[in-house]
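Architecture and fold: a report
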Amino acid sequence: MILDLDIGNTLSKWRLKEAQSSEIRSRGAVWTREEWRPGADIPDLDVVESVRISSVARAAVLDETVNLLRHRVPHVYVARSMRESLGVVNGYDEPRRLGVDRWMGALAGYQLAGGCCAIDCGSAITVDFVLPGGSHLGGYIIPGLRLMKESLKLGTRNVTIDPESEAEALLEPGKRTVEAVNHGIYMAAVSAINRIYSEVCDQQGVALPMLLTGGDARVVSRGVQVPHAVWPDMVYGGLEACFPLTLAERAGKMSGAPNVPEPVSLEKIRAGLAFSMLL
């Protein structure tokens, strides 16, 4: 059995994958905290032969997790942001400062689409671009939906946006404070994503497929104006590409990978951008 770990600032997500069949057996998440114990929080650790880790938590949390696992599991692989990997050249001046979750998403997106806009809708919303040919341009980081709500300090942080809400309703003026907050942060997030995508595609002269992941990907997806796909396991896909352990992974198959969305034409993107600048 293979254990994949995506340790974030807020949640630590995990899944168990069958090494022979590549079938996902179970998955879950726990709050990221210094005292968390993989052996207690993750079931069936005794049957795990290999662990793959992507972590943006504090170094002490990662070190303790790795030390614990190495006493229980034969093989532990830790992903790191690098200058170049799998045909992608890191766009950061100091490559290791790029969040490894963003790097995993960029690598997975490139393996799937050969160039992409990879968006992670978590505690922060990150937007990264990889051009055909493998040049990672860098990206953008804006507060996620929950962080934006907490920053307002209006006592509405626990009233979340329903992921089943229609985008049209979320973009209307709110008639209660909770609605006004939720609709405002939603408008800010999706407007930023739509504008960033259009601006970068215009600058680079290429229309890129868009891939979304993260806890708020489903609801953010409803307000994104260009063709896109939601890929919940995109970070895991990066781990699979970096450390292929199954026959399917060695053949280049990433679990749960969606069909690559066909982007609209660059001419249409530019026309929409030009129109928005006139408003």
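The name that an unreviewed UniProt entry assigns to the chain is Type III pantothenate kinase, with the source organism given as Halomonas llamarensis. Its UniProt record gives the chain the following Catalytic activity (unreviewed entry) comment, quoted word for word: "(R)-pantothenate + ATP = (R)-4'-phosphopantothenate + ADP + H(+)". Heading Pathway (unreviewed entry) of the UniProt record for the chain holds this comment: "Cofactor biosynthesis; coenzyme A biosynthesis; CoA from (R)-pantothenate: step 1/5."

Moving on: the sheet that holds strand S2 (residues 11-17). Hydrogen bonding along the main chain pairs the strands of a sheet, whether they run parallel or antiparallel. Spatially, S3-S2-S1-S4-S5 is the arrangement adopted by the 5 strands of the open sheet, whose pairing is mixed. Two strands bound the open sheet, and with one partner strand each, they are strand S3 (24-31) and strand S5 (75-78). For this sheet the average axis-to-axis angle between neighbouring strands, irrespective of direction, equals 15°. Pairing of strand S4 (residues 50-55) with S5, which is carried by 4 bridges, proceeds in the parallel orientation. Residue pairing across strands places Ile53 opposite Val78, the latter belonging to S5. Along the sheet, helix H8 (residues 234-242) contacts strand S1 (2-7), S2, S3 and S4; its crossing angle with S1, the most-contacted strand, is approximately 125°.

What follows concerns empty space enclosed by the protein. For the structure on display, the rule yields 1 cavity of 30 Å³ or more. Here the largest cavity defines a volume of roughly 60 Å³. Forming the boundary of the largest cavity are Asp101, Arg102, Gly105, Ala106, Ala118, Ile119, Asp120, Thr126, Asp128, Thr213, Met234 and Val235. At the level of secondary structure, the elements contributing two or more residues to the lining of the largest cavity comprise helix H3 (100-113), strand S8 (116-121), strand S9 (124-130) and H8. Counting residues per element, the lining of the largest cavity draws most heavily on H3, at 4 residues. Residue composition of the lining of the largest cavity, by class: 5 nonpolar, 3 polar and 4 charged.

Positive phi outside glycine occurs at Ser22, with the angle close to 65°. Phi is positive for Leu86, which is not a glycine, with a value near 55°. When you line up the elements, Leu86 lands in the loop between strand S6 (84-85) and strand S7 (88-89). In this structure Leu86 comes out as partly exposed when scored by relative accessible area, which is 37%.

What counts and how
Once a new chain begins, its residue numbering starts again from 1 and follows that chain's sequence as written. Where local features are concerned, this predicted model is filtered to residues with pLDDT of at least 70; where side-chain atom pairs are given and counted, the filter is 80 or more; whole-chain, interface and lining totals use all residues. Side-chain calculation: all heavy atoms of the structure are included, whereas hydrogens and water are not. UniProt positions are given in the numbering used here, feature names are shortened, and annotations may be inferred rather than shown by experiment. The pairing criterion is simple: DSSP has to find at least two bridges between the two strands. Think of it this way: any DSSP run of H or I at least four residues long counts as a helix, any run of E at least two long counts as a strand, and we number them from the N terminus. Axes, fitted as lines to C-alpha atoms, cover a helix only where it is in contact. Angles between the N-to-C directions of the axes lie from 0 to 180 degrees. Every residue pair with non-hydrogen atoms within 4.5 Å of one another is taken to be in contact. Using a grid of 1 Å spacing that covers the protein atoms alone, one calls a set of points a cavity when a 1.4 Å probe fits there but cannot get out, and a pocket when the set is open and has protein on both sides within 12 Å along at least five of seven lines; lining residues are those with an atom within 4 Å of a point. Grid points are joined across faces, edges and corners, and a volume is the space filled by probe spheres set on the points. As a working rule, the residues Ala, Val, Leu, Ile, Met, Phe, Trp, Tyr, Cys and Pro are called nonpolar, Asp, Glu, Lys and Arg charged, and the rest polar, with Gly in that last group. Type-normalised accessible area, obtained with a 1.4 Å probe on protein chains alone, sets the label of each residue: buried when under 20%, exposed when over 50%, and partly exposed for intermediate values.

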